[in-house]
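Examining the three-dimensional arrangement
Each chain is listed here by its residues.
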Amino acid sequence: MSRVKHLFAVVLAALMLCLLMPVAAFAEEASDGKMIVYAKLPSDWSDPHLWAWADDGTNAFDAWPGGEMEADSNNDGWYYCWIPETTNNIIINANDAAVQTSDYKLESKNAWVTVTDAENVEISYDAQTTGDLPEYVEKFKIHAQVPDDWQDVCLWAWSAPDGKNAFEAWPGKTMSKGEDGWYTASAPVWVNSIIVNGNSGDVQTEDISIDAAEVWVTVSEDGTSDFTYNDPNAPVAEDITVHVKAPADWSEPHLWAWSAPDGTNAFSSWPGEALQEGEDGWLTLSVPGWVNSIIVNGSDGSVQTSDLSVETGKDLWIVVSDAENTEVTYEAPAETVETAEAPAAESEPTVAADAAEPAETKSNAMPIAIVVVVVIAVVAGGVVVSKKKK
């Protein structure tokens, strides 16, 4: 019995070891569809951001320069940002995007990136920081336009009425100034109250109660403020209609649309929005009038056109012959491929009738020729009919 107990103990230990092994193997893998990217940067790189995208072109963030990287208070010199594990192509940039690395492709797991300079980057999947990884927290952006004499603009944010603060100490998180003059910072989605301040906290707004959604705050000279959830810098243009004819073997055609070069997408994720049945065999979809770049795709995005550069504010007609051949016009084409081929096909039965007249010569070869011509005419006629039904 002692040998049996010993054998049982060995088997049990081996089983437990097998169960533990996957835990160790997956310790470095991304979790919950997210992965963390750490970066250690040169001392003259400030306000770092991470730009990330998937192989199919889907971006992790709405616009360049991407998501802001946060300093890890437990690891001096290291910054981090969480991204979807599918968006594992990255560029790290800083100094208002004045400096940046090249493109790098990561494995879909947590990564530590050491940037010596823009041309020299090392990537490791072994932890280069100490302690637990920071928790992923969903955030939203807060923008502020402040008086010209406000310097060192910061954001203070908290949850009311419980008083939980988003940042460790006043005056809060430094806001980054964009080319458009707006300052931007992010706060956790549980925040519902903010103060924008400047000059080391000597000037500030009143308490501002907001929803957890991207917001634009305008601060007057006297410190009073107003805010909106609509981007005041967004291009103003009426929607346009895109008309598409796609190959018959492209199932569920979709439209992907964006504004270049700023990268603002019309839709949240690839493959975009499904095209709808329109008139005269056209598929249609309305998109914002500021769109200047389009991709037509099908079969869950597995087939697609190249990037199509178009004029803004104009309705479009796009005829896709195949992935490599596409025609774009700004008015409905006079005739499609189907209508252009129809007259030629319908003329063939007349040719067959003419060929039948010499049949009275009783030639043995002629009936065979007549049958062949008639069969060709019938087949041709069938092709025309089938095309008209598409």
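Here the structure is shown first, and the text comes after it.
All of the points below concern the structure found in this document.

How each quantity is defined
Residues numbered from 1 in each chain as written. Predicted model: local features only at pLDDT ≥ 70, side-chain atom pairs only at ≥ 80, totals over all residues. Heavy atoms only, no water. Helix = DSSP H or I, 4+ residues; strand = E, 2+ residues; numbered from the N terminus. Buried < 20%, exposed > 50% of the residue type's maximum accessible area, 1.4 Å probe, protein only. Patch = residues over 30% accessible without salt bridge, like charges linked within 9 Å, V, L, I, M, F, W, Y side chains within 5 Å. Areas by Shrake-Rupley, 256 points an atom, 1.4 Å probe, with all protein chains shown as cover. Salt bridge = Lys/Arg side-chain N within 4 Å of Asp/Glu carboxyl O. Lys, Arg positive; Asp, Glu negative; His and termini not counted. Charge placed at Lys NZ, Arg CZ, Asp CG, Glu CD. Contact = heavy atoms within 4.5 Å. Pairing = 2+ DSSP bridges. Phe/Tyr/Trp six-rings, centres within 6.5 Å; stacked < 30°, edge-to-face > 60°. Lys NZ or Arg CZ within 6 Å of the ring centre and 35° of its normal. Polar contact = N/O pair within 3.5 Å; in protein donor to acceptor, adjacent residues only side chain to side chain.

What about the overall build of the protein chain?
Each helix and strand in the protein chain was counted, giving four helices and 32 strands. By the burial criterion, 36% of the 390 residues in the protein chain qualify as buried.

Examining unusual backbone geometry
Residue Trp170 is joined to Pro171 through a cis peptide bond whose omega torsion reads 10°. Between Trp270 and Pro271 the backbone carries a cis peptide bond, its omega angle lying at 10°. Secondary-structure assignment places Pro271 in the loop between strand 24 (264–265) and strand 25 (273–274). Backbone geometry at Asp96 places phi at a positive 55°, although glycine is not the residue there.

Quick word on a negative patch on the surface
Among the surface-exposed residues, Asp148, Asp149, Glu206, Asp207, Glu221 and Asp222 lie close enough to one another that they form a single negatively charged patch. Relative accessible area serves as the criterion here: at 65%, Glu221 is assigned to the exposed category.

Things to note about the environment of Leu106
Mapping Leu106 onto the fold places it in the loop between strand 8 (104–105) and strand 9 (111–117). The spatial distance from the C-alpha of Leu106 to the C-alpha of Thr86 is 9.8 Å, given a sequence separation of 20 residues. Ignoring any residue separated from it by four or fewer positions in sequence, one finds Leu106 in contact with Met35, Val37, Asn88, Ile90, Ala111, Ile123 and Tyr125.

Observations concerning the pairing of strand 10 (residues 120–124)
Put simply, side chains in a regular strand alternate between the two faces of the sheet. One ladder, built from five bridges, connects strand 9 with strand 10; its direction is antiparallel. The residue of strand 10 that forms the bridge with Thr114 is Glu122. Hairpin connection, strand 9 to strand 10: the antiparallel pair is bridged by two residues.

Quick notes on the sheet that holds strand 5 (residues 78–84)
Ordered by their spatial adjacency, five strands build an open sheet running 4-5-1-9-10, and the pairing between neighbours is mixed. Edge strands, defined here as strands with exactly one partner in the open sheet, are strand 4 (70–71) and strand 10. Here two bridges tie strand 4 to strand 5, and the two strands are oriented antiparallel to one another. Counterpart to Ala71 in the pairing with strand 5 is Tyr79.

Remarks on the packing of aromatic side chains
The full count for this structure, using the stated rule, is eight aromatic pairs. With a centroid separation of 5.8 Å and 50° between ring planes, the pair formed by Tyr38 and Tyr80 is classed as tilted. Of the two residues, Tyr38 sits in strand 1 (residues 34–40) while Tyr80 sits in strand 5, which places them 42 residues apart along the sequence. Seen in terms of ring centroids, Trp51 and Trp64 are 5.9 Å apart; in terms of plane orientation they differ by 65°. Their pairing is edge-to-face. Taken as a pair, Trp51 in strand 2 (residues 49–53) and Trp64 in the loop between strand 2 and strand 3 (67–68) lie far apart in primary sequence, 13 residues in all. An aromatic cluster is built from Tyr38, Trp78, Tyr80 and Trp112, whose rings are joined through pairwise contacts. One cation-aromatic arrangement involves Lys164 over Trp190; the distance from NZ or CZ to the ring centre is 4.3 Å.

Quick word on the sheet that holds strand 16 (residues 183–188)
Taken in spatial order, the five strands line up as 15-16-11-20-21 in an open sheet, and their pairing is mixed. One side of each edge strand has no neighbouring strand; the edge strands of this open sheet are strand 15 (176–177) and strand 21 (225–228).

Some words on the pattern of salt bridges
With the rule as written, the count across this model stands at five salt bridges. Between Glu68 and Lys173 there is a salt bridge; the shortest N-O distance is 3.3 Å. Taken together, the residues Glu68 in strand 3 and Lys173 in strand 14 (residues 173–174) connect sequence positions 105 residues apart. An identical accessibility class is assigned to Glu68 and Lys173; each is buried. Two residues, Glu107 and Lys109, come together in a salt bridge whose shortest N-O distance is 3.3 Å. You can call Glu107 partly exposed: its relative accessible area is 42%. In this structure Lys109 comes out as buried when scored by relative accessible area, which is 15%.

Considerations on the side chain of Ser176
Structurally, the position occupied by Ser176 is in strand 15. Polar side-chain contacts of Ser176 include one of 2.6 Å to the side chain of Asp47. Every residue in contact with Ser176, bar those within four places of it in the chain, is listed here: Asp47, Trp182, Tyr183 and Thr184.

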